[in-house]
Amino acid sequence: MFGSPVKWNVVWNPGANEATTVEVSHYVLIENQELDAGRYSLWVIPDKEGPWTLIFSAEPDAWHAAYPRGHDALRVEIMPTSGEHMETLAFYFPVVGSNSVTLNLHWGKTILPMQIRLKDDMKR
């Protein structure tokens, strides 16, 4: 999957047609970095040997192949892991806690686990 058809070190939208979007109703921490409540398009830069860059764009209504440069709300780096083969691209929550979750992007044997945390005293 990664390397071909999804190229290494090139911005990719994990989805088809309209850009994949994520909406958070409260201020959260993504990989311990701040993200305000809102709706965002999701972009990824896969790296063959290092951490991947996960981008939350403040331009949610984007076409999947047209990365909206200059609208990044947040960029974080995440090391991918490996798991069972997933034929189709999937997003799921394998771990859900009282104030945190893990959101997995999973395709093929590659998993990109995003750590999301909410604290009541951090709401905006």
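The preceding data block contains the structure.
Residues numbered from 1 in each chain as written. Predicted model: local features only at pLDDT ≥ 70, side-chain atom pairs only at ≥ 80, totals over all residues. Heavy atoms only, no water.

Participant: Is there a simple way to explain the overall build of the chain in this structure?
Facilitator: Looking only at helices and strands, the chain has zero helices and eight strands in total. Going from N to C terminus, the chain has its helices and strands arranged as β-β-β-β-β-β-β-β. By the compact-globule yardstick of 14 Å for 124 residues, the chain fits well, its C-alpha radius of gyration being 14 Å. Taking all 124 residues of the chain together, the buried fraction comes to 40%. A separation of at least 24 residues holds for 48% of the contacts in the chain among residues at least 6 apart in sequence. (Helix = DSSP H or I, 4+ residues; strand = E, 2+ residues; numbered from the N terminus. Rg over C-alpha atoms; globule rule 2.2 N^0.38 Å. Buried < 20%, exposed > 50% of the residue type's maximum accessible area, 1.4 Å probe, protein only. Contact = heavy atoms within 4.5 Å.)

Participant: Just to check I follow, could you spell out the sheet that holds strand 7 (residues 81–96) for this structure?
Facilitator: Sheet strands line up and pair through hydrogen bonds in the backbone, either parallel or antiparallel. The antiparallel open sheet is built from four strands, whose spatial order is 3-2-8-7. Lying at the two open borders of the sheet, with one neighbouring strand each, are strand 3 (33–35) and strand 7. Each neighbouring strand pair of the sheet contributes to a mean axis angle of 30°, computed without reference to strand direction. In this structure, strand 2 (residues 28–30) lies alongside strand 3, joined through three bridges in antiparallel fashion. Across the sheet, the residue bridging to Leu 29 is Glu 34, located in strand 3. (Pairing = 2+ DSSP bridges. Axes fitted to C-alpha atoms, helices over the stretch in contact; angles between N-to-C directions.)

Participant: Which parts of the structure should I look at to understand the side chain of Thr 20?
Facilitator: With respect to the element layout, Thr 20 can be found in the segment before strand 1 (21–24). Take Thr 20: its relative accessible area is 17%, and that puts it in the buried class.

Participant: Looking at this model, I keep getting lost on unusual backbone geometry. Mind explaining?
Facilitator: Negative phi characterises most residues that are not glycine, and trans characterises most peptide bonds. At Asn 17, a residue that is not glycine, the phi angle is positive and equals roughly 60°. Turning to its location among the elements, Asn 17 is positioned in the segment before strand 1. Of note, Glu 31 is a non-glycine position whose phi angle comes to about 50°, a positive value. Looking at Glu 31, the relative accessible area reads 23%, which means it is partly exposed.

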